[in-house]
Amino acid sequence: MEIIKKVYGYLSSMKTGLVLLVLVGVAAALGSAFLPDVFFNSWLFKLLLIILSVNMVFCTANRFILFKSRLIKNRNRWLREIGSLLLHAGIVFILAGLLVHTYYGQNAQIAIRTGDTVDVSRVIKMKEPFSLHLDDFKVEYNEDGSPSQYNSYVIVIENRKVKNDAVISVNHPLNYRGVKFYQQSYGYLVKAKYINDAGNEVEELIKEGNFIRPEGTERTVKVFRYIPNFDPEHGMATKTLRPDNPRIIFSVYEGDQLLGVGAAQFDERVEIDENVYVVFAGVEPYTILKAKSDPGLPLAFLGGGMFVIGVTIALLAAPSQEKKQEGSFNKEMR
Amino acid sequence: MKLLITVIIYALFITYLLGAVLFFIGNKSGKKQALLTAGLMVKIGFVLNIAALIVRAVIAGRLPLANSSEFTLWFTVIIVALYLFYETKAKMREAGGAVMLISALLIGSILVLMKGQLGEAVPLMPALKSPWLTIHVLTAAVAYACFALAAGLAIMQLAKAETKITDGSIHRIVVGGFVMLSLTIVFGAVWAEQAWGNYWSWDPKETWALITWIVYALYLHLRRRLGWKGKTASIMVIVGFVFVLFTFFGVNYLMSGLHSYA
Ligand code: HEM
């Protein structure tokens, strides 16, 4: 019994808490300087956070038990007492939310082409499956050609019924049944056509970096990259993201041998071999969304709110009466 | 416009620096004239600083809240506003030298490290288009400014044998800064959740804001629980400000991350 009491006393003391806080600080500093990608996911760091959480649960519980008697004793400081309790409990909630996130959170990336539908339950486990259909993807631009917003126009489909339509853009995620969708990135597929001797036309949608193999020739065409605003001075980098001067950079091969590189305009007929042509008719954008389900999020949000309110009222609204309390505390807290 | 903002920034730098020098001379020799002129410099600097923000807003065509030089202008204007308030309340000019020197050095950093930023009109990138930008940046600027003022007071308190600067007043300013830093971090997390889909990603800026916050939390607890006051407390306040500066400059220039544009 003695030992348990001692361990509990140690674990729940503020001094231990402060030591742990220093350890977290030092660890975070070293981690951010040397191995940010590895360190913060390591079990060592997680363990430290868990011990800190345990300490704060105990010390907050202690304070909760003492709350009433302290309120009576420090009647003129009741706002500070409430604030202080709120802020410490808030930190505990945030850490708990983080813990739930670590064990039950799910993340996935979803790429959808305009007109396509993706079953979200294939990447995020859920009770009532639904799908996301991309109606359109549009980039808005500033005057100088830099992007001002990326918009995915989506429709939520559940049991084959349209449930919702929404625009997902940066800073405006969609929340549907606890799954949140964020605009994360985008890309383009190139519409390529080849026309051969016999006058046959074949259309294909090609990913950047992939090859077209037209019939009627041994040669192949690599669709290297789509450049929205081509400027020879910028080389392979686009001048701006706005499609002011779109080109497709391609290269022609015979076997392993590179025959040439070119920058084709849309609808330009490029002769690959005798009587074999390739035409790039345009591009089709696809959107990349981040899908996330985090059951710990409400807990963390609640904790954040409690913490903010607690900090504010504990430190600002309450009068600071330093001399009075000095004696009364040293007894309660080790 | 480009020329105007450059002129204002140079004038601002000289004004703050001159103010600092005059404060040091005045406080050392007790010459009233020097102190009065120093006080005038603070006010001129304050007006110039506001002018710089307005001209920058016109050049950028938006509220100047996005890059590090814009942030620095808020940082110093709030330091000076807080200092003016403190000077009137405490009725003394002892800390003026250190506070003005800090402001001058910050403006100097715009001239050295952030050249050309203020003359260019760069539209906001999509991630920055959020009401949280205003709240997050302004609370951060107020937090940093409180810590700067507190450090200025602490430096002068340590440097002088006899001083009217009280431990309690430094503590109160740190408390203000701590609340604002707490708000900055929480609002930043809410925003990150909206923009990036993660409220905490151990990005260097986040991590160092947390470390800074831990340093001041330690100060608050040690001061209250273990009675670390006077000299030890003042040293902690100065160390805390070194962490603030690292979170601002060190992270921007030495580490890369999601926050790297500010
Ligand atoms: C680890 C266990 C912790 C314990 C046992 C603890 C305990 C205490 C106690 C007893 C007080 C005095 C409350 C009052 O004035 O009524 C206090 C104040 C405070 N605590 Fe904690 N605390 C802990 C962790 C933290 C953490 C992680 C933070 C976040 C930074 C924090 C922030 C504060 C603040 C801001 C105050 C008010 C400081 C002041 O009044 O000057 N505490 N804490």
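Note that the structure is a prediction, hence the values are computed from the model and not measured. (Residues numbered from 1 in each chain as written. Chains lettered and ligands numbered in written order. Predicted model: local features only at pLDDT ≥ 70, side-chain atom pairs only at ≥ 80, totals over all residues. Heavy atoms only, no water.)

1. Describing the overall build of chain A
From N to C terminus, chain A includes 7 helices and 14 strands. Expected size for 334 residues packed as a compact globule is a radius of gyration near 20 Å; at 30 Å, chain A overshoots this value by more than 25%. Seen along its three principal axes, the alpha-carbon backbone of chain A occupies a region of about 95 × 50 × 45 Å. A buried classification covers 47% of the 334 residues belonging to chain A. (Helix = DSSP H or I, 4+ residues; strand = E, 2+ residues; numbered from the N terminus. Rg over C-alpha atoms; globule rule 2.2 N^0.38 Å. Buried < 20%, exposed > 50% of the residue type's maximum accessible area, 1.4 Å probe, protein only.)

2. Considerations on unusual backbone geometry
The phi angle of most residues is negative, glycine excepted, and most peptide bonds adopt the trans form. All names here are of chain A. With phi around 65°, Arg160 is a residue other than glycine that occupies positive phi space. Position of Arg160 relative to the elements: it lies in the loop between strand S4 (147-158) and strand S5 (161-169). What makes Arg160 exposed here is its relative accessible area of 84%.

3. Considering the pattern of salt bridges
Considering all chains together, one arrives at 16 salt bridges over all chains under this definition. One salt bridge connects Arg177(A) with Glu158(A), and the closest N-O pair in it is separated by 2.9 Å. Here the residue Arg177(A) occupies a position in the loop between strand S6 (174-176) and strand S7 (179-195), and Glu158(A) occupies one in strand S4, the gap between them amounting to 19 residues. Given a relative accessible area of 46%, Arg177(A) falls into the partly exposed group. By relative accessible area, which is 3% here, Glu158(A) ends up buried. Linking Glu70(B) and Arg56(B) is a salt bridge whose minimum nitrogen-to-oxygen distance equals 2.6 Å. (Salt bridge = Lys/Arg side-chain N within 4 Å of Asp/Glu carboxyl O.)

4. Digging into the site of the ligand
In the vicinity of the ligand lie 24 residues, with Asn55(A), Arg80(A), His88(A), His221(B) and Arg224(B) positioned nearest. Residues near the ligand are shared among chains A and B, making this a multi-chain site. In this structure, an oxygen atom belonging to the ligand sits 2.9 Å away from a side-chain N or O atom of Arg80(A). The side chain of Arg224(B) places a nitrogen or oxygen atom 2.7 Å from an oxygen atom of the ligand. Taken together, the elements giving at least two residues each to the shell around the ligand come down to helix H2 (14-34), helix H4 (43-73) and helix H5 (78-104) of chain A together with helix H6 (167-195) and helix H7 (204-225) of chain B. (Near = heavy atom within 4 Å. Polar contact = N/O pair within 3.5 Å; in protein donor to acceptor, adjacent residues only side chain to side chain.)

5. Some remarks on the domain arrangement of chain A
Size of an interface, as often reported, equals the accessible area lost when the parts are brought together. Residues and elements named next belong to chain A. Domain boundaries in chain A define domain 1 (2-105 + 294-333), domain 2 (107-187 + 288-293) and domain 3 (188-285). The distance between the C-alpha centroids of domain 2 and domain 3 comes to 29 Å. A buried area of about 970 Å², summed over both sides, lies between domain 2 and domain 3, and 56% of it is on carbon and sulfur atoms. On the domain 2 side of the contact with domain 3, Arg113, Tyr141 and Gly187 bury the most area, a combined 49% of that side's loss. At the boundary of domain 2 with domain 3, the tally comes to 0 salt bridges. For the pair domain 2 and domain 3, the number of links is 6 residue pairs in polar contact (both at pLDDT 80 or more). Breaking the side of domain 2 that touches domain 3 down by element, the ones donating at least two residues are strand S3 (131-141), S4 and S7. Residue composition of the side of domain 2 that touches domain 3, by class: 5 nonpolar, 4 polar and 3 charged. (Domains from an automatic or database assignment. Buried area = accessible area lost by both parts, 1.4 Å probe. Nonpolar A, V, L, I, M, F, W, Y, C, P; charged D, E, K, R; others polar.)

6. Regarding the interface of chain A and chain B
Every contact between the two is made by 51 residues of chain A and, on the other side, 38 residues of chain B. Interface area for chain A against chain B, summed over the two sides, is near 3800 Å², with a carbon-plus-sulfur share of 65%. At the boundary of chain A with chain B, the tally comes to 2 salt bridges. Glu193(B) is paired through a salt bridge with Lys292(A); the nearest N and O atoms lie 2.5 Å apart. Elements supplying a minimum of two residues to the side of chain A that touches chain B: H2, H4, H5, S4, S7, strand S14 (276-293), helix H6 (297-317) and helix H7 (322-332) of chain A. Of the residues forming the side of chain A that touches chain B, the biggest block, 11 residues, is contributed by H2(A). (Contact = heavy atoms within 4.5 Å.)

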